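These are the residues of each chain, in order.
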Amino acid sequence: MKVHNVEMIMSAVRPEQYPTEGFPEFALAGRSNVGKSSFINKMIGRKSLARTSSKPGKTQTLNFYKIEEQLFFVDVPGYGYAKVSKSARETWGPMIEQYFITSEKLRAVIQIVDLRHAPSVDDCAMYDFLNHYNIPAIVVATKADKIPKGKWDKHKKIVREKLQMRKEDPLLIFSAEKGMGMDEAWAEIESRM
Ligand code: GDP
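A short tour of the structure in this document, coming up. Here the structure is a predicted model, which means the values were calculated and not measured.

**A few points about the overall build of the protein**
Link 1 in the chain: Regarding its fold elements, the protein presents 5 helices and 7 strands.
Link 2 in the chain: Taken from the N to the C terminus, the helices and strands of the protein come in the order β-β-α-β-β-α-β-α-β-α-β-α.
Link 3 in the chain: Burial statistics for the protein: of 193 residues in total, 49% are counted as buried.
Link 4 in the chain: By sequence separation, contacts in the protein at least 24 residues apart represent 75% of the contacts at least 6 residues apart.
Link 5 in the chain: Only carbon and sulfur atoms are counted for the fraction: they give 48% of the accessible area of the protein, which is about 9,800 Å².

Structure representation (structure tokens):
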């Protein structure tokens, strides 16, 4: 998809604040600092609409990006950042869970992981959660530019095995740095709209 038009709708915390247009929704999940904002920005062709911040764990609301009047990207707070206060952490989990469980328009969760490293305990917990609620996952392994191409398959295998990925869930390679993997990611998204 060639993106020309993106509108940042709102920051929602409660279900009554979710948009009501009825477009398919794709949520973005990932550990803080994994490259989630960079993924979103690359996919929508913006330099910094989704804030890439050096302060992990900053986004504390659900941010809806309306794309081409056709779909929403729903950016959820990054997880696994220890320095976030306990009270903030306690409100996150339920907010994300409530959205994942109640949104009728959620087609898939795009879970961003780092191709360089084996998925963390938090990555596995997030994937298990999606599995438990039968939510399809598109796993995107980003920062591929940091690994020689010849090693991608080995790292992909580690990601698949560690997350214990369902066969039907795709694992895509991505690099925001090189702008690589965008067509494949858009094809996965569009096939589920
Ligand atoms: P977020 O906290 O998950 O939203 O992460 P960001 O998008 O802010 O990225 C965290 C850091 O990783 C930043 O310094 C980015 O420049 C860097 N980064 C993100 N994606 C890539 C990538 O594909 N390749 C490389 N080399 N660096 C990346």
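Having seen the model, we can carry on.
**Topic: the site of the ligand**
Link 1 in the chain: With respect to spatial proximity, 17 residues lie near the ligand, and among them Lys36, Ser37, Ser38, Asp145 and Ala176 are the closest.
Link 2 in the chain: Protein burial of the ligand: of its 580 Å² of free accessible surface, 77% is covered by the chains.
Link 3 in the chain: Broken down by element, the residue count for the shell around the ligand peaks at 3 residues, all from helix α1 (residues 36-44).
Link 4 in the chain: Partitioned by chemical class, the residues of the shell around the ligand number 2 nonpolar, 9 polar and 6 charged.

**Comments concerning helix α3 (residues 121-132)**
Link 1 in the chain: Taking 1.5 Å as the rise per residue, α3 with 12 residues should run 16 Å; its terminal C-alpha atoms sit 16 Å apart, in good agreement.
Link 2 in the chain: Just past α3, the residue Asn134 takes up positive phi, approximately 55°.

**Quick notes on the pattern of salt bridges**
Link 1 in the chain: Scanning the model with the defined rule gives 9 salt bridges in all.
Link 2 in the chain: Of the charged contacts, one joins Lys66 and Glu69 as a salt bridge, the two residues approaching to 3.5 Å between their closest N and O atoms.
Link 3 in the chain: Classification of Glu69 by relative accessible area gives partly exposed; the value is 45%.
Link 4 in the chain: The network of salt bridges with common partners includes Glu7, Glu21, Lys66 and Glu69.

**Digging into α1**
Quick reminder: α-helices carry 3.6 residues per turn. Residues three or four places apart thus point the same way.
Link 1 in the chain: Among the 9 residues of α1, 7 are classified as buried, and the element is accordingly described as predominantly covered.
Link 2 in the chain: Turning to α1, its buried residues are Lys36, Ser37, Phe39, Ile40, Asn41, Met43 and Ile44.
Link 3 in the chain: Of the residues flanking the end of α1, it is Gly45, one or two places downstream, whose phi is positive at about 65°.

Definitions and cut-offs
- Residues numbered from 1 in each chain as written.
- Predicted model: local features only at pLDDT ≥ 70, side-chain atom pairs only at ≥ 80, totals over all residues.
- Heavy atoms only, no water.
- Helix = DSSP H or I, 4+ residues; strand = E, 2+ residues; numbered from the N terminus.
- Buried < 20%, exposed > 50% of the residue type's maximum accessible area, 1.4 Å probe, protein only.
- Contact = heavy atoms within 4.5 Å.
- Areas by Shrake-Rupley, 256 points an atom, 1.4 Å probe, with all protein chains shown as cover.
- Near = heavy atom within 4 Å.
- Nonpolar A, V, L, I, M, F, W, Y, C, P; charged D, E, K, R; others polar.
- Expected span 1.5 Å × (residues − 1).
- Salt bridge = Lys/Arg side-chain N within 4 Å of Asp/Glu carboxyl O.

As far as function goes, none of this settles anything; it's purely spatial.
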